[in-house]
Amino acid sequence: MNSKPNFLVICVDQMQSYSLGINGNEQIKTPNLDELGKTGTSFNRAYCANSVCMPSRASMFTGLTPKQHGLTVNGMKLNEDLPTIAGVLHKNGYRTYGAGKFHLQPTRPLVEVDSFERMDLWENGTYTKLPAMYYGFEDTFFVNGHGSGAGAEYANWLAERGANTDMYQRAQACFDAGFKNNTWRMDIPDGLHYNEVIADKTIDFMNNCADNHENFFAWCSFPDPHAPFLSTKPYCDMYDPNTIRLNATWQNTQDSVDHLIDRRKQLLKGTQNEAELREIVAQTYGMITHVDANVGRLVNALKEKNILDNTVIIFIADHGEYLGSHGLLHKSDWQYEELVRVPFIWNVPNGKANGLSQDVVSALDLVPTILDYANVSEEEFATRGINRATCTVLPGRSLKNYLDNGDELQPQPAYIEYDEDWFAGEFYRTRTIVTEKYKLTHFINAGDGLMFDLENDLAETNNLFFNEKFDKIKADLNEQLLFHLIKTDRNDVPRHGAF
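From a predicted model like this one, the values you see are computed outputs, not experimental measurements.

Reading the values: the criteria
- Within every chain, residues take consecutive numbers counted from 1 along the sequence as written.
- With the structure being a predicted model, the display of local features is reserved for residues of pLDDT at least 70 and the display and counting of side-chain atom pairs for 80 or more, all residues being used for whole-chain, interface and lining totals.
- Only heavy atoms go into the side-chain values, all of them from the structure, while hydrogens and water stay out.
- Only Phe, Tyr and Trp rings take part, Trp by its six-membered ring, and two of them pair if their centres are within 6.5 Å. Stacked means planes under 30 degrees apart, edge-to-face means over 60, and tilted covers everything else.
- Note on conventions: DSSP H or I runs of at least 4 residues are helices, E runs of at least 2 residues are strands, and numbering of each starts at the N terminus.
- Whether a residue is buried, partly exposed or exposed follows from its accessible area with a 1.4 Å probe, protein chains only, as a fraction of its type maximum: under 20%, in between, or over 50%, in that order.
- As a reminder, the over-ring test applies to NZ of lysine and CZ of arginine, requiring each to be within 6 Å of the ring centre and within 35 degrees of the ring normal.
- Criterion used throughout: strands pair if DSSP finds at least two bridges between them.
- Between N or O atoms, a polar contact is any pair within 3.5 Å; within protein, one atom must be a potential hydrogen donor and the other a potential acceptor, and residues adjacent in sequence are included only when both atoms are from side chains.
- Residues are treated as being in contact if the distance between any of their heavy atoms lies within 4.5 Å.
- What makes a salt bridge here is a side-chain nitrogen of Lys or Arg within 4 Å of a carboxyl oxygen of Asp or Glu, nothing more.
- To define a nonpolar core, start from buried Ala, Val, Leu, Ile, Met, Phe, Trp, Tyr and Cys residues and group those joined through side-chain atoms within 4.5 Å.
- By this rule, a helix spans an expected 1.5 Å times one less than how many residues it contains.
- Read the arc as the range of directions from the helix axis to the C-beta atoms.

Here we take up the packing of aromatic side chains. As enumerated under the stated definition, the model contains 23 aromatic pairs in all. Measuring from centroid to centroid gives 5.9 Å for Phe205 and Phe216, while their planes differ by 75 degrees, and the two rings are edge-to-face. Note that Phe205 is positioned in helix H8 (residues 194–211) and Phe216 in strand E6 (residues 216–222), a separation of 11 residues in sequence. Note on Phe216: relative accessible area 1%, which makes it buried. By the ring-pair criterion, three or more aromatic residues cluster together here, those being Phe61, Phe102, Phe116, Trp122, Tyr127, Tyr134, Tyr135, Phe137, Phe142, Phe217 and Trp219. Just above the ring of Tyr428 sits the side chain of Arg263; from NZ or CZ to the centre is 4.2 Å.

Given below as structure tokens:
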């Protein structure tokens, strides 16, 4: 057995913490993830670093806040010279491999940005492979897009096998046509769905490392359950839309600040009716259960190679999904719990079976914890950057002692950034702090905000931001938020040498 552990990070796209059985969802079937959480730890109150894909994923790779690493909105490009967890582990003797979605560079055509992940450049054959050592990964199997639009190496893989891709086109046509007779469903032959292929590629890599007695860091990244809401058989028929319990706030479309009222009018043209929302939730649950089945395959592969007891398994999402809460879908400006609270499961060799944890933790804790298990110092990680002054402070903390022994985690707030021009063409900037009891969000461009008592108002229906009785608590939260922003601020003009 190797002295250092292996790492298998399983990432999903746009999944809220509430969509796990172990986290309290009695409708969904996630037996494999539930087992990982029961024999390890499922953090029910884990928060993303940013509530949209690219900034959040860049934070998971670098351990830095979006402001620190510089990828602050979708459509930007993560600096390829910044240190990543894959790159640093590779330099410390680990084999590194990534399968599935990365989203560290733009996927849409942008003239001013060169990107290895642009869909059009994969479709026209300009790219057939990501470059070696892409953000620290020796090798990759890259999948871009979602649902019936999944492509890149996956599309090439299908073509090499003569697979009938008409099924994807038909499913996409159903989606584009809107909800009609429960047609948002796919029927893809066994072994051809991207979830299964991504898991297969990851298993092949782990098996190879096991055969050669090599430590590995595997990034297994499923595009699901991100929209379009398309699952495949049998999962698309697993949940009856008529019996799905919708979020209790699905009809609550009232906003307590004027700019959000206007924003909702801009963003929600053609809002789904109840029947459509039920189908959306049913298909989302189907996608999640399909992912769960492949998680089971990954775990079984580790068992068969006798390396499960030397592998740290992590399950995480880049951000959540409203999924009907507060009358919303997808992701946007409202920093509600369904959007910012993500699944975060750790299962470590000989660790404590903590089960369900209610401690507030952050996706920013991912990198420090992995470094701790790999016995790599945070200082070494930071000094590998192109500009040490921009990334010496890792804002997260190691969770290792809690995961190993159940040692008490001292309360520490989670911080969430959001700087997005989303659909309506208006730039929105928010900064959020979450403590054990309260959540405070500032809308920087509007000068107002939202504040909720999560202990007594988990549905977030009573905005305390303007309530004078809570001014002292708000002031304390503001002070903690300000300290965090100062601590993690960039310094792009460091002094070089003596003056």
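Take the pairing of strand E13 (residues 427–434) next. A large share of E13 lies buried, amounting to 6 of its 8 residues. Across 5 bridges, E13 lies against strand E14 (residues 438–443) in antiparallel orientation. Directly across from Val434, in E14, lies its bridge partner Lys439. Between E13 and E14, which pair antiparallel one after the other, the connecting turn spans 3 residues.

To continue, consider the side chain of Asp419. Position of Asp419 among the secondary structure elements: in strand E12 (residues 414–421). A relative accessible area of 2% places Asp419 in the buried class. Within polar-contact distance, the side chain of Asp419 engages the side chain of Arg429 at 2.4 Å. Side chain to side chain, Asp419 and Arg431 meet in a polar contact 3.1 Å long. Each residue touching Asp419, except ones within four places of it in the same chain, is listed here: Asn50, Thr72, Val73, Phe427, Tyr428, Arg429 and Arg431.

In a structure, side chains of opposite charge can pair up when their charged atoms sit close to one another. Here the structure, examined in full by the defined rule, presents 26 salt bridges. The shortest N-O distance in the salt bridge between Arg118 and Asp120 comes to 2.6 Å. Judged by its relative accessible area of 15%, Arg118 falls in the buried class. For Asp120, a relative accessible area of 23% gives the class partly exposed. Linking Glu279 and Arg185 is a salt bridge whose minimum nitrogen-to-oxygen distance equals 3.2 Å. In this pair, Glu279 sits in helix H10 (residues 274–304) while Arg185 sits in strand E5 (residues 185–186), placing the two residues 94 residues apart along the sequence. Counted as one network, the salt bridges with shared partners bring together Asp13, Arg57, Lys101 and Asp318.

In globular proteins that are soluble, nonpolar side chains generally tend to be buried together. Phe43, Phe217, Phe344, Trp346 and Ile370 are the most contacted members of the largest nonpolar core, which totals 133 residues. With 13 residues, H10 is the largest single contributor of residues to this core. Among the nonpolar cores identified, the runner-up in size contains 10 residues, and Tyr415, Ile433, Phe470 and Leu477 belong to it.

A word on helix H15 (residues 471–487). The terminal C-alpha atoms of H15, which comprises 17 residues, lie 24 Å apart, in line with the 24 Å expected from a rise of 1.5 Å per residue. Taken as a whole, H15 has its buried residues at Lys474, Leu477, Leu481 and His484. All buried residues of H15 project into a common sector of 85 degrees when viewed along the axis, lining one side. Residues Lys472, Glu479, Leu482, Phe483 and Ile486 are exposed on H15 and point more than 90 degrees away from its buried face.

Turning our attention to the environment of Leu364. Position of Leu364 relative to the elements: it lies in the loop between strand E11 (355–362) and helix H12 (366–374). Excluding its chain neighbours within four sequence positions, the residues that come into contact with Leu364 are Ala49, Ser59, Gly63, Leu64, Thr65, Pro395 and Gly396.

It is worth stressing that arrangement in space is one thing and function is another; only the former is reported here.
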